[in-house]
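As a plain string of letters, each chain reads:
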Amino acid sequence: MPPNRGMHYDDNATILVVEDDDATRTFLAYNLTADGFELLVADCARDGIRLIETKFPDLALIDVGLPDGSGLDLVHRVRDADGLASRVDPRTPLLLVSGRDGELDRIRGFERGADDYVCKPFSYPELRSRVAALLRRAGARSRTGRLRVGDLVIDPVSREVTTGETRIELSAKEFALLRTLAAEPTRVFTKEELLRGVWGYRSMGTTRTLDSHACRLRKKLGVNGDQFVMNVWGVGYRLVDGVGA
């Protein structure tokens, strides 16, 4: 059945197709493009995860049988990402496509973190409807918006940080720390919360990791004389609007 050329998506959603079969990949790319989606294509797990890390698709269609590994492992890798230091968004909607239609196969797919599971051969209109449903469900995710605290702007997708007109270069952990603080800029995050959430520590111990990263972050963000990172003595850290005390 030819694609529904009247169906176009206002948000220009980008779909990644990870499929090693040339005919299936071409078929999906043609039909999804005709339906108004932006397309990214990969024929192996390695290129699939690279595109997820660098192009931030709104949804990924992943074949279970890939030449360099299982699509199940790719799904697990996305879901296992921390969403902070990692460039992979663990909330990315994932639809598995497989020639295996057994109940156990579908269960394994869902257990690894797939949002939906479609068996080959499939009807394109049904696949398109499933894609639309996942995008509506995550619509709300629709490209994580920028965070703003005073003159400080953080783009979680591109990982770009600016203060005024100045772009700030941050390490992965510095960015993860800043993004965590910016999620609730009026709240004081305890050191234990930050060590656990950003570094994965189970206990504080005597580490100075957080303090050293916070110090470097404060200096980098203060390039224009503003103060954004505040140390709340005896508790932890919070963000302020940039106006120095």
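Computed from a predicted structure; not experimentally measured.

### So, the packing of helix H3 (residues 71–79) against helix H4 (residues 103–112)
Packing of H3 against H4 brings their axes to within 8 Å, and their N-to-C directions diverge by 25°. Considering their axes alone, H3 and H4 lie roughly parallel with respect to each other. Contacts between H3 and H4 involve Leu 72, Asp 73, Val 75, His 76 and Arg 79 on the former and, on the latter, Arg 108, Gly 109 and Arg 112. When its residues are assigned to classes, the contact of H3 with H4 shows two nonpolar, two polar and four charged.

### Quick look at the pattern of salt bridges
According to the stated counting rule, one finds 21 salt bridges in the structure shown. Arg 77 serves as the salt-bridge partner of Glu 53, at 3.9 Å between the closest nitrogen and oxygen. Here Glu 53 is found in helix H2 (residues 45–55), whereas its partner Arg 77 is found in helix H3, with 24 residues between them in sequence. Looking at Glu 53, the relative accessible area reads 25%, which means it is partly exposed. Residue Arg 77 is classed as partly exposed on the basis of its relative accessible area of 48%. Of the charged contacts in the structure, one is a salt bridge between Arg 130 and Glu 126, with a shortest N-O distance of 2.9 Å. Placement of the pair is Arg 130 and Glu 126 together in helix H5 (residues 124–137), with a separation of four residues, close to one helical turn. Judged by relative accessible area, which is 40%, Glu 126 ranks as partly exposed.

### Structural notes on the sheet that holds strand E10 (residues 160–163)
In space, the four strands of this open sheet follow the order E8-E9-E10-E11, with antiparallel pairing throughout. Whereas interior strands pair on both sides, the edge strands pair on one side only; in this sheet they are strand E8 (147–149) and strand E11 (166–168). Within the sheet, the average angular offset between the axes of one strand and its neighbour, ignoring direction, is 20°. As paired strands, E8 and strand E9 (residues 152–155) are joined by three bridges and run antiparallel to one another. Of the residues in E9, the one forming a bridge with Arg 148 is Val 153.

### Structural notes on H5
With 14 residues, H5 extends 20 Å between its outermost C-alpha atoms, agreeing within 8% with the 20 Å of an ideal straight helix rising 1.5 Å per residue. Turning to H5, its buried residues number three or more, namely Tyr 124, Pro 125, Leu 127, Arg 128, Val 131, Ala 132, Leu 134 and Leu 135. Along its buried surface, H5 packs onto strand E1 (14–18), helix H1 (22–34), strand E3 (59–63), strand E6 (94–98) and strand E7 (116–119).

### Some points on the sheet that holds E6
The parallel open sheet is built from five strands, whose spatial order is E2-E1-E3-E6-E7. Strands at the two margins of the open sheet, each flanked by one partner only, are strand E2 (38–42) and E7. Each adjacent strand pair in this sheet contributes to an overall mean axis angle of 20°, direction not counted. Here E3 runs beside E6; their pairing, made up of four bridges, is parallel. The partner of Asp 63 across the bridge, within E6, is Val 97. Where H1 meets the sheet, its contacts fall on E1, E2 and E3, and the angle it forms with E2 comes to roughly 170°.

Rules and cut-offs
Residues numbered from 1 in each chain as written. Predicted model: local features only at pLDDT ≥ 70, side-chain atom pairs only at ≥ 80, totals over all residues. Heavy atoms only, no water. Axes fitted to C-alpha atoms, helices over the stretch in contact; angles between N-to-C directions. Helix = DSSP H or I, 4+ residues; strand = E, 2+ residues; numbered from the N terminus. Parallel < 35°, antiparallel > 145°, perpendicular 65-115°, else oblique. Contact = heavy atoms within 4.5 Å. Nonpolar A, V, L, I, M, F, W, Y, C, P; charged D, E, K, R; others polar. Salt bridge = Lys/Arg side-chain N within 4 Å of Asp/Glu carboxyl O. Buried < 20%, exposed > 50% of the residue type's maximum accessible area, 1.4 Å probe, protein only. Pairing = 2+ DSSP bridges. Expected span 1.5 Å × (residues − 1).

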